[in-house]
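# Observations on the three-dimensional arrangement
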Amino acid sequence: MMIFRSKYAPTVICLIFCVSFCLFRGASPVEAWGRLEDIRYKLKPSDGNVWSHLTGRGRMVTGREAPGNVVITFDDGPDHRTTPVILDILDKYDYRAVFFINCHQIHHASAAAEENMAVLRDMYRRGHYIGNHTFGHLDPDTVTLEDAWRDVVHCEQLIESVTGREPTLYRPPFGKLPPEIRKRLDYSGYTTVMWNMDTQDWRYSDPAALKRRVKTIVDENGGGILLFHDTNSVVVEALDGIMQMLTQRDNENPDTQEHHIELAGIESFIQSRR
Ligand SMILES: [Zn+2]
């Protein structure tokens, strides 16, 4: 390779570098990020499996950070009797939600637990976020700190054994967050996700009434984080109508609407916070 010893060597090396850069530009990190952004834009409610690195930064989200955005979350599942229908409805609207699961649902010796485990795998495969809502939904006021923390870690390990990833989102049972638990969650890199729009779905048996309730709280709060329970059959009955209503409002022209809302994934919500 005489050329590398000649006086033209720097020019030739520079040329080779430039040509290689142009040829392989498509695979550069910058371009790859650009493509991810496109996908995110298309999906809008982002795919948790792709962007989960943005969530695990030890912070607290209350639901009031990004006005006009609506994030949908489900607690206490998975339940093989109700959750699969919810997953199908969410697919129909191309929306990826956050499921804060109770790990006892997938980890006791029963056929139901095995079925729930299959639902959890399906939930993850479809791109939803799997958040930690502890193993046994213990009330931190009635147990020791160590027991409460063990309940968090136990669920974390089970979620990781199913998904291959440590969960990065946490929701406290009963919304109770003792300072020491908060400290440990922050240290472990969790983002704690509260809510500002409680549907109180457990109070309802009529799907139309639950839909009206959701509309009211979305309007009153101007968006935020909605809390449902995927274990509740009235949620299954009401969800299609609720998604229709939210999607419709999302698609309407913001200029002609007094309270425009955007259906958002948790990633977009965290990114858009003001
Ligand atoms: Zn709960």
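Right, let's walk through the structure included here. Small disclaimer: the values here were computed from a predicted structure and weren't measured. (Residues numbered from 1 in each chain as written. Predicted model: local features only at pLDDT ≥ 70, side-chain atom pairs only at ≥ 80, totals over all residues.)

### A word on the overall build of the protein chain
Rule in force here: Where helices and strands are cited, they refer to DSSP runs of H or I of at least four residues and of E of at least two residues respectively, numbered from the N terminus. By definition, residue pairs are in contact when their C-beta atoms, positioned from the backbone, come within 7 Å.
Helix and strand counts for the protein chain stand at ten helices and nine strands. Within the protein chain, contacts between residues separated by at least 24 positions form 79% of all contacts whose residues are at least 6 apart in sequence.

### Regarding the packing of helix α8 (residues 207-221) against helix α9 (residues 233-251)
This is how the line gets drawn: All axes here are fitted lines through C-alpha atoms, helices being fitted over the stretch that makes contact, and every angle between N-to-C directions spans 0 to 180 degrees. Here the word oblique covers every angle except those under 35 degrees (roughly parallel), over 145 (roughly antiparallel) and from 65 to 115 (roughly perpendicular). Take the far helix as your reference; a near helix turned counterclockwise from it by less than a right angle gives a left-handed crossing, and one turned clockwise gives a right-handed crossing. Basically, the charged four are Asp, Glu, Lys and Arg, the nonpolar ten are Ala, Val, Leu, Ile, Met, Phe, Trp, Tyr, Cys and Pro, and anything else, Gly included, counts as polar.
Interaxial distance between α8 and α9 falls to 8 Å at its minimum, and their mutual angle equals 45°. Judged by the inter-axis angle, α8 sits oblique to α9. Crossing handedness for the pair α8 and α9: right-handed. Within the contact between the two elements, α8 uses P207, L210, K211, V214 and K215 and α9 uses V234, E237, A238, G241, I242 and M245. Looking at the contact of α8 with α9, its residues break down into seven nonpolar, one polar and three charged.

### Comments concerning the pairing of strand β3 (residues 98-101)
What counts is decided by this rule: In this scheme every C-beta is placed from the backbone, and a residue whose C-beta has 20 or more other C-beta atoms within 10 Å is buried, one with 12 or fewer is exposed, and one in between is partly exposed. In this description, strands pair whenever DSSP reports at least two bridges between them. Note on handedness: a crossover is taken as right-handed if, strands pointing away from the viewer, the path from the first strand over the helix to the second is clockwise.
Here β3 shows a buried face lined by V98 and F100 and a second buried face lined by F99 and I101. Here three bridges tie strand β2 (residues 69-75) to β3, and the two strands are oriented parallel to one another. Each bridged residue has a counterpart across the sheet, and for D75 the counterpart in β3 is F100. A crossover links β2 with its parallel partner β3, the connecting element being helix α4 (residues 83-92), and its sense is right-handed. Pairing of β3 with strand β4 (residues 129-132), which is carried by four bridges, proceeds in the parallel orientation. Bridge pairing in β4 links I101 to N132.

### Section: the packing of α4 against α9
Axis separation between α4 and α9 bottoms out at 9 Å; the angle between their running directions is 5°. The angle between the axes of α4 and α9 places the two elements in the roughly parallel class. Residues V85, I86 and I89 of α4 lie in contact with α9, whose contacting residues are V235, V236, L239, D240 and M243. Looking at the contact of α4 with α9, its residues break down into seven nonpolar, no polar and one charged.

### Focus on unusual backbone geometry
The peptide bond linking G77 to P78 adopts the cis configuration, its omega dihedral lying at 0°. Looking at the secondary structure, you find P78 in the loop between β2 and α4. Within the chain, F174 stands out as a residue other than glycine whose phi angle is a positive 60°. Looking at the secondary structure, you find F174 in the loop between β5 (169-170) and α7 (179-187). Judged by local crowding, F174 falls into the exposed class, with 10 C-beta atoms found within 10 Å.

### Quick word on the environment of T199
Inspection of the secondary structure puts T199 in the loop between β7 (197-198) and α8. Take T199: there are 24 C-beta atoms within 10 Å of it, and that puts it in the buried class. Taking C-alpha positions, T199 is 9.7 Å from T216, a pair spaced 17 residues apart along the chain. Once residues lying within four places of it in the same chain are set aside, the contact partners of T199 are L210, R213, V214, L226, L227 and F228.

### A closer look at the environment of H128
Within the secondary structure, H128 sits in the loop between α5 (111-125) and β4. Sequence-wise, H128 and G265 are 137 residues apart; in three dimensions their C-alpha atoms are separated by 9.4 Å.

### Some remarks on the nonpolar core
Quick reminder of the rule: Note on terminology: a nonpolar core is a set of buried residues of type Ala, Val, Leu, Ile, Met, Phe, Trp, Tyr or Cys, with members joined through C-beta atoms within 7 Å.
Among the nonpolar cores identified, the biggest contains 54 residues, and V70, V71, V98, F99, L226 and I266 are the most heavily contacted of them. Considering each element in turn, this core owes the most residues, seven residues, to α9. When sequence neighbours within four positions are dropped, the list of residues in contact with L226 reads V70, V71, I72, T73, W195, M197, T199 and V214.

### Things to note about the environment of V152
With respect to the helices and strands, V152 occurs in helix α6 (residues 145-163). A C-alpha to C-alpha distance of 9.1 Å links V152 and L185, two positions 33 residues apart in sequence. If we skip the residues at most four places from it in the chain, V152 touches N132 and T134.

### Section: α9
Residue pairs three or four apart in sequence face the same way in an α-helix, which turns once every 3.6 residues. For clarity, the threshold we go by: The span one expects for a helix is its residue count, reduced by one, times 1.5 Å.
Here α9 spans 28 Å end to end across 19 residues, near enough to the 27 Å set by a 1.5 Å rise per residue. Within α9, the full set of buried residues consists of V234, V235, V236, A238, L239, I242 and L246. The elements touched by buried residues of α9 are β2, α4, α8, β8 (224-229) and β9 (262-263).

### Side note on α8
Where we set the bar: This arc is taken over the directions from the axis of the helix to the C-beta atoms.
Compared with the 21 Å implied by 1.5 Å per residue over 15 residues, the 21 Å span of α8 between its first and last C-alpha is a close match. Within the sequence span of α8, burial applies to L210, K211, V214 and V218. What you see down the axis of α8 is that its buried residues fit within an arc of 100°, all on one side. For α8, the exposed residues set more than 90 degrees away from the buried face come down to A208, T216 and E220. Looking at the buried side of α8, the elements it contacts are β2, β7, β8 and α9.

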